[in-house]
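Topology and contacts: notes
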Amino acid sequence: MSESFLRYTDLANAIQLAKSNGMTNEQIIRALTGAMTYREALRVAGKAAPIIDLTVQEFMRLRRNEP
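Heads up: these notes are all about the structure in this document. The structure presented is a predicted model; accordingly, all values stated were derived computationally and were not measured. (Residues numbered from 1 in each chain as written. Predicted model: local features only at pLDDT ≥ 70, side-chain atom pairs only at ≥ 80, totals over all residues. Heavy atoms only, no water.)

**Quick look at the packing of helix H2 (residues 11-20) against helix H3 (residues 25-33)**
Contact geometry of H2 with H3 gives a least axis separation of 10 Å together with a crossing angle of 135 degrees. In this view, H2 runs oblique relative to H3, as classed from their interaxial angle. By crossing handedness, the relation of H2 to H3 is classed as right-handed. Of the residues in H3, those touching H2 at Leu11, Ile15, Ala18 and Lys19 are Asn25, Ile28 and Leu32. Of the residues contributing to the contact of H2 with H3, the split by class is five nonpolar, one polar and one charged. (Axes fitted to C-alpha atoms, helices over the stretch in contact; angles between N-to-C directions. Helix = DSSP H or I, 4+ residues; strand = E, 2+ residues; numbered from the N terminus. Parallel < 35°, antiparallel > 145°, perpendicular 65-115°, else oblique. Left-handed = near helix turned anticlockwise from the far one by under 90°. Contact = heavy atoms within 4.5 Å. Nonpolar A, V, L, I, M, F, W, Y, C, P; charged D, E, K, R; others polar.)

Here it is as structure tokens:
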């Protein structure tokens, strides 16, 4: 997934749809940033973390699969 994909996607609606389908925050984060570089994921984290009600640091920790 690249930044161009997110350019055409309403991030808030995508996250809301994922949550309504029972996805966890970790699953959502990995779906959003799975094929991204660290730098690209950090940009997405800045936009998506507040929507998920996480800090950017928490978002990136969940992306790395840390406890």
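**Some thoughts on the pattern of salt bridges**
Counted under the stated rule, the structure contains one salt bridge. Arg30 is paired through a salt bridge with Glu26; the nearest N and O atoms lie 2.6 Å apart. A residue pair is termed a helical-turn pair when its members lie 3 or 4 positions apart in one helix, as Arg30 and Glu26 do in helix H3 at four residues. (Salt bridge = Lys/Arg side-chain N within 4 Å of Asp/Glu carboxyl O.)

**A word on H3**
Ile28, Ile29, Leu32 and Thr33 are the residues of H3 that are buried. Buried residues in H3, looked at end-on, bunch into an arc of 110 degrees, giving them a common side. (Buried < 20%, exposed > 50% of the residue type's maximum accessible area, 1.4 Å probe, protein only. Arc of directions from axis to C-beta.)

**A closer look at the nonpolar core**
Formed by 17 residues in total, the largest nonpolar core has its most connected members in Ile15, Ile28, Ile29, Leu32, Ala48, Ile52 and Phe59. Listed by contribution, the elements that provide at least two residues to this core are H2, H3, helix H4 (38-52) and helix H5 (56-63). In terms of residue count, H4 provides more of this core than any other element does, six residues in total. (Core = buried A, V, L, I, M, F, W, Y, C linked by side-chain atoms within 4.5 Å.)

**Topic: the environment of Gln16**
Relative to the helices and strands, Gln16 is located in helix H2. The exposure class assigned to Gln16 is exposed, which follows from its relative accessible area of 53%. Along the primary structure Gln16 and Ile28 are separated by 12 residues, whereas in three dimensions their C-alpha atoms are 10.0 Å apart.

**Here we look at a nonpolar patch on the surface**
On the surface, a cluster of nonpolar side chains totalling about 250 Å² of accessible area is made up of Tyr38, Leu42 and Val56. Turning to its location among the elements, Tyr38 is positioned in helix H4. (Patch = residues over 30% accessible without salt bridge, like charges linked within 9 Å, V, L, I, M, F, W, Y side chains within 5 Å. Areas by Shrake-Rupley, 256 points an atom, 1.4 Å probe, with all protein chains shown as cover.)

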